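What follows is each chain in one-letter form.
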Amino acid sequence: MIPKMEIYQRLLESKIVAVIRGKDAEEAAAITEAAVAGGLDAIELTYTTPNVARVFEKLADSEVLIGAGTVLDAETARHAILHGAKFVVSPHFDPAIATLCNRYSTPYLPGCMTIKEMVQATEWGCDILKLFPANGFEPSFIGSVNGPLPNVRIMPTGGININNMNAWLDAGAVAVGIGSDLTKTYRASGEEAVSQLVKEYLGKLS
């Protein structure tokens, strides 16, 4: 079992988390393996993917950090953790998910859009908050949040791409979530193209 603080540290060091949404488990596994081959170290497998547990099982022995995304309730969080998820991400904040994740010493990254949600999530022990959907905000929003809440660490997700990624990181984001680019590239050009795109993302990290 990887210690909770080590998971957080690896997320901070990775800077990029690939959010994988597949039409089925096979597609999600293929995109994930291609992203890992390209050099990504943090993967978020979403529960919108049918039979996503199969992907967790397939990657059970991977040294890459595998987390669960689109987790809407505590039952799903527990399912994810029991299937090997090292961190849990949701599009919203849910105290029940926070309680469950704290019980299992698993990082919980909830989606937040307002100061009120961020304060509440922090009070429940969430150390990294997902700004979602980030395409409704400008990178400068992070600085505005960190004025009154200097300890809040934000990972924008939704609308992040290779052209605006560094603007968010330079503005104070501790990491970013990417996803649609990888899926579109896989469906258009296959696994090698995904790996190449990931290398381009990693090459642009400032």
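Scroll up to find the structure this text is about.
Cut-offs and rules
- Residues numbered from 1 in each chain as written.
- Predicted model: local features only at pLDDT ≥ 70, side-chain atom pairs only at ≥ 80, totals over all residues.
- Heavy atoms only, no water.
- Phe/Tyr/Trp six-rings, centres within 6.5 Å; stacked < 30°, edge-to-face > 60°.
- Buried < 20%, exposed > 50% of the residue type's maximum accessible area, 1.4 Å probe, protein only.
- Helix = DSSP H or I, 4+ residues; strand = E, 2+ residues; numbered from the N terminus.
- Arc of directions from axis to C-beta.
- Contact = heavy atoms within 4.5 Å.
- Polar contact = N/O pair within 3.5 Å; in protein donor to acceptor, adjacent residues only side chain to side chain.
- Axes fitted to C-alpha atoms, helices over the stretch in contact; angles between N-to-C directions.
- Parallel < 35°, antiparallel > 145°, perpendicular 65-115°, else oblique.
- Left-handed = near helix turned anticlockwise from the far one by under 90°.
- Nonpolar A, V, L, I, M, F, W, Y, C, P; charged D, E, K, R; others polar.
- Core = buried A, V, L, I, M, F, W, Y, C linked by side-chain atoms within 4.5 Å.
- Pairing = 2+ DSSP bridges.
- Right-handed = clockwise from strand over helix to strand, strands pointing away.

### Quick look at the packing of aromatic side chains
- As enumerated under the stated definition, the model contains three aromatic pairs in all.
- Between Tyr-47 and Phe-56, the ring centres sit 6.2 Å apart and the planes meet at 35 degrees, which makes this aromatic pair tilted.
- Since its relative accessible area comes to 3%, Phe-56 is described here as buried.

### Topic: helix α5 (residues 95–103)
- Here α5 has its buried residues at Ile-97, Ala-98, Leu-100 and Cys-101. Down the axis, α5 shows its buried residues gathered within 165 degrees of arc, on one side only.
- Of the surrounding secondary structure, the elements contacted by the buried residues of α5 are α4 (74–82), β4 (88–90) and β5 (108–112).
- Capping of α5 at its N-terminal end is provided by Asp-94; its side-chain oxygen lies 2.8 Å from the backbone amide nitrogen of Ala-96.
- Immediately downstream of α5, the backbone of Ser-105 shows phi near 55 degrees, a positive value.

### Comments concerning the packing of α4 against α5
- In the contact formed by α4 and α5, the axes pass within 8 Å of each other and the chain directions differ by 30 degrees. Taken together, the axes of α4 and α5 are roughly parallel relative to one another. Note that α4 runs across α5; the crossing there is right-handed. In contact with Ala-74, Ala-77, Arg-78 and Ile-81 of α4, α5 contributes Ala-96, Ile-97, Leu-100 and Cys-101.
- Its residues assigned to classes, the contact of α4 with α5 comprises seven nonpolar, no polar and one charged.

### With respect to the side chain of Ser-14
- With respect to the element layout, Ser-14 can be found in helix α1 (residues 4–14).
- Side-chain polar atoms of Ser-14 contact the backbone oxygen of Arg-10, separated by 2.8 Å.
- Not counting residues up to four positions away in its chain, the partners in contact with Ser-14 are Asp-41, Ala-42 and Leu-205.

### Remarks on the nonpolar core
- Residues Leu-45, Trp-168 and Leu-182 are the most contacted members of the largest nonpolar core, which totals 58 residues.
- Broken down by element, this core gets its largest block of residues, six residues, from helix α2 (residues 25–38).
- Apart from residues no more than four positions distant in its own chain, Leu-45 is found in contact with Ile-20, Thr-32, Val-52, Val-55, Phe-56, Leu-59, Ile-66, Gly-67, Ala-68 and Gly-69.
- If you look at the next biggest cluster of nonpolar residues, it comprises 13 residues, including Val-17, Phe-87, Leu-109 and Met-155.

### Re the pairing of strand β2 (residues 42–46)
- Most of β2 sits inside the fold, with five of its five residues counted as buried.
- Of the two faces of β2, the one lined by Ala-42, Glu-44 and Thr-46 and the one lined by Ile-43 and Leu-45 are each fully buried.
- Sheet topology note: the strand β1 (residues 16–20)/β2 ladder contains three bridges and is parallel. Directly across from Ile-20, in β2, lies its bridge partner Leu-45.
- Note on the crossover from β1 through α2 to β2: the handedness is right-handed.
- Relative to strand β3 (residues 65–69), β2 runs parallel, the two being bridged by five bridges. Note that in β3 the partner of Thr-46 across the bridge is Gly-69.
- Traced from β2 through helix α3 (residues 52–58) to β3, the parallel crossover comes out right-handed.

### Thoughts on helix α9 (residues 180–189)
- Buried within α9 we find Leu-182, Thr-183 and Thr-185. Burial along α9 is one-sided: seen end-on, the buried residues are contained in an arc of 165 degrees. Exposed residues lying more than 90 degrees from the buried face of α9 are Lys-184, Arg-187 and Ala-188.
- For α9, the secondary structure elements touched by its buried residues are β1, α2, β8 (176–178) and α10 (191–203).
- Of the residues one or two after α9, Gly-190 is the one with positive phi, at around 95 degrees.

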